[in-house]
Amino acid sequence: PRILTEFYIQIGKSFYDTIPKTSLEYFRKAEKENLKTNDEITHVRILQNIGATFSHHKINQIDSALYVYKKALKILNENEIKSSNQQKITGYFFNIYTNTGVAYSKKKDFENALYFFKKADSIPLKGYLNKNKEILYGYLSDLYKEKGDYIKCIEYIANQKVLTNTLNENEQKIAITEIDT
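Our subject in this report is the structure included herewith. (Residues numbered from 1 in each chain as written. Predicted model: local features only at pLDDT ≥ 70, side-chain atom pairs only at ≥ 80, totals over all residues. Heavy atoms only, no water.)

Before going further, it helps to examine the layout of surface pockets. Empty space within the largest pocket amounts to approximately 590 Å³. Surrounding the largest pocket, 22 residues form its lining, Gln48, Asn49, Ala52, Asn95 and Asn99 being those nearest its centre. Secondary structure elements with two or more residues in the lining of the largest pocket: helix H3 (40-55), helix H5 (86-106) and helix H7 (130-147). If one sorts the elements of the lining of the largest pocket by residue count, H5 sits on top with seven residues. In terms of residue class, the lining of the largest pocket is made up of nine nonpolar, 10 polar and three charged. (1 Å grid on protein atoms, 1.4 Å probe; cavity = no way out; pocket = protein on both sides within 12 Å on 5 of 7 lines; lining within 4 Å. Points joined across faces, edges and corners; volume = space filled by probe spheres on them. Helix = DSSP H or I, 4+ residues; strand = E, 2+ residues; numbered from the N terminus. Nonpolar A, V, L, I, M, F, W, Y, C, P; charged D, E, K, R; others polar.)

The next point concerns the packing of helix H6 (residues 110-121) against H7. Running from amino to carboxyl end, H6 crosses H7 at an angle of 155 degrees, the nearest separation of the two axes being 11 Å. For the element pair H6 / H7, the angle class is roughly antiparallel. Here the hand of the crossing between H6 and H7 comes out left-handed. For the pair H6 and H7, the contacting residues are Phe110, Glu111, Ala113, Leu114, Phe117, Lys118, Ala120 and Asp121 in the first and Lys133, Leu136, Tyr137, Tyr139, Leu140, Leu143, Tyr144, Glu146 and Lys147 in the second. In the contact of H6 with H7, the residues fall into 11 nonpolar, no polar and six charged. (Axes fitted to C-alpha atoms, helices over the stretch in contact; angles between N-to-C directions. Parallel < 35°, antiparallel > 145°, perpendicular 65-115°, else oblique. Left-handed = near helix turned anticlockwise from the far one by under 90°. Contact = heavy atoms within 4.5 Å.)

Let us now look at the nonpolar core. By size, the foremost hydrophobic cluster in this structure holds 48 residues, and its most contacted members are Ile50 and Leu140. If you list the elements that add at least two residues to this core, you get helix H1 (2-15), helix H2 (20-34), H3, helix H4 (62-78), H5, H6, H7 and helix H8 (150-180). Ignoring anything within four residues of it in the chain, the contact list for Ile50 reads Leu24, Phe27, Arg28, Glu31 and Val68. (Core = buried A, V, L, I, M, F, W, Y, C linked by side-chain atoms within 4.5 Å. Buried < 20%, exposed > 50% of the residue type's maximum accessible area, 1.4 Å probe, protein only.)

With respect to the secondary-structure elements, Asn34 resides in helix H2. Within the structure, Asn34 has its side chain in polar contact with the backbone oxygen of Asp39 (distance 3.2 Å). In contact with Asn34, other than residues within four places in its own chain, are Thr5, Asp39, Thr42, His43 and Ile46. (Polar contact = N/O pair within 3.5 Å; in protein donor to acceptor, adjacent residues only side chain to side chain.)

What follows is the structure, given as structure tokens:
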């Protein structure tokens, strides 16, 4: 079941941009196959993909996306998932909070969107995951622009720029280290 689950996930991801309804079918197959195992982390990952697909502009079933994200958060919160990679679980919390905020933004429910964006922002991320914070700050700046709070909008654009510069500096350091070796 694990290999077939991963196979369906990868096929689903390959159709996400072009044919999201087909993508959704494969994510559902992956979920069905994964239920034969006790792999809750993969289940959360599948639910995250299903939610994002429901939220896709070609499908636009925001309430369905919110339902799936709630289900994923319930699994993460209620079950003390035992994992050697706590950073992965932290990343799932961050992504699901962010995606939930995006879904609420699409519904123009800015208060709930802000609530979930702030929950995501409160999660400390390490290393490569800082790219996710940069993306979150873009969503926050857009939200504040929609609300007409241009001061906060500019504040988050500035935060995003700081992260962008930091990430670019880190990439340059890695490139220089690779040249030196």
